[in-house]
Structure formats: structure tokens, C-alpha cells
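Examining the three-dimensional arrangement
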Amino acid sequence: MTQTKEQFNLSDIALNFRIEADTASITPYGPGHINDTYYVKNSNNGESDYLLQRINHTIFRDVPALMSNIYLVTTHLRSKLKEIPDADPDKEVLSLVKTNDSLYYYLDGQGNYWRMYKYITNTKSIDIVETEEQAFEGGKAFGRFQTLLSDLDINLLHYTIPDFHHIGLRLTSLNAALQADPLDRKKTISAEVEFIQKRTESMCAILKLGNEKKLPLRITHNDTKFNNILLDENDRAQCVIDLDTVMPGYVAYDFGDAIRTIINAAAEDEKELDKVKLNMPLFEAFTEGYLKESASFLTENEIKSLPLGVLLFPYMQGVRFLTDYLNGDTYYKVHFPDHNLQRTRAQFQLLSKLEEQYSKIENFIWETSGIYLNNSVSGAV
Ligand code: ADP
Ligand code: GN1
Ligand code: MG
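The sections below set out a description of the structure shown in this document. Residue indices follow the written sequence of each chain, beginning from 1 at its first position. Note on labels: chains are lettered from A, ligands numbered from 1, in written order. It should be noted that, the model being predicted, local features are given only for residues of pLDDT at least 70 and side-chain atom pairs only at 80 or more, the latter also being counted only at that level, while totals for whole chains, interfaces and linings use all residues. Side-chain measures here rest on the full set of heavy atoms in the structure, leaving out hydrogens and waters.

Here the focus is the site of ligand 2. Near ligand 2 there are 18 residues, and of these Asp223, Glu268, Gln317, Arg320 and Tyr331 occur at the shortest range. The definition of a polar contact used here is a pair of N or O atoms within 3.5 Å, where within protein one atom must be able to donate a hydrogen and the other to accept one, and adjacent residues in sequence count solely through side-chain atom pairs. His33 places a main-chain nitrogen or oxygen 2.9 Å from an oxygen atom of ligand 2. All accessible-area figures derive from a Shrake-Rupley calculation using a 1.4 Å probe, and residue coverage is judged against the displayed protein chains alone. For ligand 2, the accessible surface in isolation is 450 Å², of which the surrounding protein chains cover 97%. Strands are runs of DSSP state E lasting at least two residues, helices are runs of H or I lasting at least four, and both sets are numbered from the N terminus onward. The greatest single-element share of the shell around ligand 2, amounting to 3 residues, is contributed by helix H10 (residues 300-327). The residue inventory of the shell around ligand 2, partitioned by class, reads 7 nonpolar, 4 polar and 7 charged. Source of the domain bounds: an automatic or database domain assignment. Counting residues domain by domain, the shell around ligand 2 receives three or more from each of domain 1 (5-118) and domain 2 (132-380). Here a residue is near a molecule or strand as soon as one of its heavy atoms is found within 4 Å of it. The residue classification treats Ala, Val, Leu, Ile, Met, Phe, Trp, Tyr, Cys and Pro as nonpolar and Asp, Glu, Lys and Arg as charged. All others, Gly included, are polar.

With that out of the way, let us pick up the coordination of the magnesium ion (ligand 3). Water is not part of the atom set, so a site may look incomplete; the donors themselves are N, O and S atoms within 2.8 Å of the metal, or 3.2 Å for Na, K and Ca. Taken together, Asn228 (OD1) and Asp242 (OD) make up the full set of protein donors to the magnesium ion (ligand 3), lying 2.2 Å away. Residue Asn228 is found in the loop between strand E7 (218-220) and strand E8 (229-232), and its partner Asp242 is found in the loop between strand E9 (237-240) and strand E10 (247-249); the two are separated by 14 residues along the sequence.

Any two of the Phe, Tyr and Trp rings considered here, Trp counted by its six-membered ring, make a pair once their centres fall within 6.5 Å; the pair's planes then place it as stacked at under 30 degrees, edge-to-face at over 60, or tilted in between. Summed over all chains, the structure comprises 17 aromatic pairs. On the numbers, 5.4 Å between centres and 65° between planes, the contact of Tyr250 with Tyr253 is edge-to-face. You'll find Tyr250 and Tyr253 in the same group, each marked buried. Measuring from ring centre to ring centre gives 6.3 Å for Phe286 and Tyr290, while their planes differ by 5°; the resulting arrangement is stacked. Here Phe286 pairs with Tyr290, and both are found in helix H9 (residues 280-294), just 4 residues apart, close to one helical turn. To sort residues, take the accessible area from a 1.4 Å probe on protein chains only and compare it with the maximum for the residue type: under 20% means buried, over 50% means exposed, and anything in between is partly exposed. With relative accessibility at 1%, the residue Tyr290 sits in the buried group. Three or more aromatic residues link up through ring pairs in this structure, and these residues are Phe8, Tyr38 and Trp114. Ring-over charges, as used throughout, are those where CZ of Arg or NZ of Lys falls within 6 Å of the ring centre and within 35 degrees of the ring normal. Taking NZ or CZ as reference, Arg199 lies 3.6 Å from the ring centre of Phe195, over its face. Here Lys304 stacks its cationic end above the ring of Trp366, 5.5 Å away from the centre of that ring.

Time to look at the pairing of strand E5 (residues 113-118). For E5, a buried count of 5 out of 6 residues is recorded, marking the element as mostly surrounded by other parts of the structure. When DSSP locates at least two bridges between a pair of strands, those strands are taken to pair. With 6 bridges joining them, strand E3 (residues 50-55) and E5 adopt antiparallel strand pairing. Across the sheet, Leu52 pairs through a bridge with Met116, a residue of E5. Direction of pairing for strand E4 (residues 106-107) relative to E5: antiparallel, over a ladder of 2 bridges. The partner of Leu107 across the bridge, within E5, is Tyr113. Between E4 and E5, which pair antiparallel in sequence order, lie 5 residues; one of them, Gly111, sits at a positive phi of approximately 85°.

This is the structure we're talking about:
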């Protein structure tokens, strides 16, 4: 589904939603790898624009369950923000638009699922973080997101993609792809396979802690790329977006995936590997923002697991990109034939750099958590 250029009558699809708009134009929008996003411009000046999204139901198999999660989470966040002075729930939480049938998704005649959000004006999302202020704001946004959701009943949430961050199963899928090798691509990736094999055991550390019940499951975002935060004109974090994968998970997953995109001076798919460098001040600023908001509810074991997440995420993304490369690029949108391989190499380069700085990363997280907890980190798990 992701690779074909399908034609849709977007204006007709938009008419199924209760929008107050004279639609001026509907145009493709955003850099996402999974869903298709369109910007719905309203010709009535001063009235809301919208975002229309076709949900990738090959990947998200149960769209009603997914939309139920998003409804639950946005409703909870909105009610929590109402209690916070100076917060503006209309700008700081995504607003879903109902269909004429009072649902939050529209199923078209071809079996495509669509949803609509209000467009939040005067915001931007960025792929590569430039300033420490942006990184700090991003940390606060994801920390606050987890904190505000920490009192929502986790059992109400569906797993929108089962075992999404289960590294053991990701490696099983890679092995299956290596066995099948439908496009005869295996011969070009022996260095990457060796890189993965060397680290298999250490990368299962978070899973192991979870299985031993040393880490609690929380409601986490699970796709904390920096571009899933909307920043306002002054670079203040305004709204956490892209809520498809909000479900139970470990906090280290969100922390690690965010650092993966913040600490890297280059793009996720950088071709010239010597441009992949660590920007430590951005890591530090994000960590400070994150712990400032979240340290009050994190356990000691959770704080200790955060650096493990920092290593796990470039590894896991590399494994996933490589698996998709072997399988013939069926999951991620690609823009040229070896795109997934290039992404893999950039992620593994990033991981190598992170490994060199691991003790610094670990120490910084630990020391910073102490500051925000007034040196009284809870020992409970
Ligand atoms: P994807 O899953 O494809 O990454 P996102 O939900 O992240 O899709 O949306 C794609 C882009 O659209 C985002 O990176 C952001 O720039 C923009 N965006 C998403 N939701 C909104 C919104 N409600 N208001 C303004 N911009 C938005
Ligand atoms: C996908 O949809 P998007 O682009 O935000 C992927 C994430 C990966 C990311 C890598 C549902 O996110 O898990 O981290 O690409 N989303 C899904 O850029 O697989
Ligand atoms: Mg996104």
C-alpha cells in the first residue's frame, strides 16, 4: 500500500467530516514514513484549517481500536491540561474531527481509513534539532506527555501494533528475511549482519528487566522522533502529535527513540557517514527537560534503564530498516532503491558513536535525575 501512487477524491473524502470550511486546496503534507497526510486549506480566512490522514491499515490492523486509543488519550490530556494554569488545551492537544456519522474515522468504498484533525496554526515540526532550547523543550514535551498519562488506566489502551518494540521479535523477523532473501540482497549486507549479531544479547537488556518485573509498563508514545512535536514560532514545544502508537511500553523506549533523532547532527538516512556525529549539548538539554517533567513519577530502575534505551533505538531502527530492505521495501516509504540500506548504515554509525560516549551519557542521566528529585530517587519499582 505505501509504495503505490493511488488517486483519491480528497474533496469528497473531506466532505464526510464535520468541518466548517470552504475547502480551498488539499495538498500532500509532511515527511512521515507510514501514513499519508494532506493539508486541508480553508478559504474562509481566520477559520480553522485541517489535516486529513489516510491511516496505513496494513500496518495498523485495527483502526477502530487505534482511534479509540487516540480519543481516550487526547480526552485525558485535555482534561489534565485544564487543571494547569496557563495551559491551552486547544493548542496543546490534538483535536479530532468527527465524521457525519459521529465516528472518528471514515471508511471509504475501497477499504481505506481516514481521519481528520484540526490544524494547529503557527507551528512547525523539525527533523534535525538545531538549538539546545529546542531540545530542552522537546524533553519537557515528552516528559509531560508521559506524566499526564501516568494516571490513565493502562488497561483501557489497545496494542495498536503488538510487540512493536520487542527487539527479540524484530531479530526473529530479520532472520526470516535473511532466510527468504526474495531480492537476493543478503550478499550486500554481511557487515551489517555481523554488527547486529555482536550486540544481540546486550540489546535485550530492557526486555529482560521488563520480564523480571523490574520495569513497570506505562502509557508511552512509542514514536518519539523529534518531528512528532509541534514547536511554536518561538521554539516552545506546543503539542505532541502522531499518536498512533500510544500504548503500554517502557519509558526508556520513548527516551531512547527521542535521543536517536536529537543527538544526531545528521539526518536519519544520512548517506555520508562521517557527518553522523553526536551533539552532546542537545542530548543534555533534552535530558534536562525530560527529567524536569518526569522525574517525580519515575522509579530508580526506570532512570537506570534510560541509557539502555539510547543504545537500543538506533539498533532497533537499523534492524527494522534492514529487514525491510531485504523484504523489498514493503513497510517504510522509500525514495530510492537502497534507501532502507542507507538508513540502516546511518543508524549503525550513530550507534557506534553512542557506544563510545556511553559512560558519559549514563552519568549525565543519573546526575541530572538527582537534581530533579532533590537527591531522593525512589527505590520502588
Ligand atoms: P506521520 O505518521 O506520517 O509522521 P504525523 O501525524 O506526524 O504523520 O503528521 C505529519 C506532519 O504533519 C507532522 O510532522 C507535522 O508537521 C504536521 N502535523 C500533524 N498534525 C498536525 C496538526 N494537528 N497541526 C499542524 N501540523 C500538524
Ligand atoms: C515511522 O510514521 P513515522 O514516520 O513517524 C515508524 C517509527 C520509526 C520511524 C523511523 C508505525 O514513523 O516506528 O521510528 O518511522 N512508525 C511505525 O523514522 O512503524
Ligand atoms: Mg510523524
